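What follows is the residue order along each chain.
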Amino acid sequence: MNVLSAIFLLAGALFCVLGAVGMLRLPDVPSRLQAATKPQTLGLLLILVGTALQLPPSYAVGLALVALFQVLTAPVLSQFLGRAAYRTGAVDESTLLCDDLKSVRDSGAESGSASPGA
């Protein structure tokens, strides 16, 4: 059990380090958002599993709640940050392959007000 726990902990730490390297090396906001959410979330989940293997089941339930909270909040926060970056012009539009928000932004500008969902 100790070896399995150590494998999960080391794998989680590796994912967290790779996410941090991605935050430093990737060139634009959307790429950095991917590096900030996906490997960090997976890394945390692996660390929580490795820790849960060392704890009694009653404490492991608390770690499961932490994992659930992380899985539910990280994508939402990433979406909000990405949209805010897009709206403020921090995203270089020439690097986007598909710009789904452009039509929403342009229609809001034509009508004189931005739509609440944009």
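Computed from a predicted structure; not experimentally measured. (Residues numbered from 1 in each chain as written. Predicted model: local features only at pLDDT ≥ 70, side-chain atom pairs only at ≥ 80, totals over all residues. Heavy atoms only, no water.)

The next point concerns the overall build of the chain. Along the backbone of the chain there are four helices and zero strands. Along the chain, from the amino end to the carboxyl end, the secondary structure elements read α-α-α-α. Whereas a compact globule of 118 residues would reach a radius of gyration of roughly 13 Å, the chain reaches 19 Å, over 25% beyond that. Overall size of the chain, expressed as C-alpha extent along the three principal axes, is 60 × 30 × 20 Å. Looking at the chain residue by residue over its 118 residues, the buried ones come to 21%. For the chain, the distance from the average site of its 7 positive side-chain charges to the average site of its 7 negative ones is 8 Å. (Helix = DSSP H or I, 4+ residues; strand = E, 2+ residues; numbered from the N terminus. Rg over C-alpha atoms; globule rule 2.2 N^0.38 Å. Buried < 20%, exposed > 50% of the residue type's maximum accessible area, 1.4 Å probe, protein only. Lys, Arg positive; Asp, Glu negative; His and termini not counted. Charge placed at Lys NZ, Arg CZ, Asp CG, Glu CD.)

A few words on a nonpolar patch on the surface. On the surface, a cluster of nonpolar side chains totalling about 410 Å² of accessible area is made up of Val61, Leu65, Leu68 and Leu72. Topologically, Leu72 is positioned in helix 3 (residues 57-88). For Leu72, a relative accessible area of 55% puts it in the exposed group. (Patch = residues over 30% accessible without salt bridge, like charges linked within 9 Å, V, L, I, M, F, W, Y side chains within 5 Å. Areas by Shrake-Rupley, 256 points an atom, 1.4 Å probe, with all protein chains shown as cover. Salt bridge = Lys/Arg side-chain N within 4 Å of Asp/Glu carboxyl O.)

Now for the side chain of Ser78. Along the chain, Ser78 falls in helix 3. For Ser78, a relative accessible area of 14% translates into the label buried. When neighbours within four sequence positions are excluded, Ser78 is seen to be in contact with Leu33 and Thr37. (Contact = heavy atoms within 4.5 Å.)

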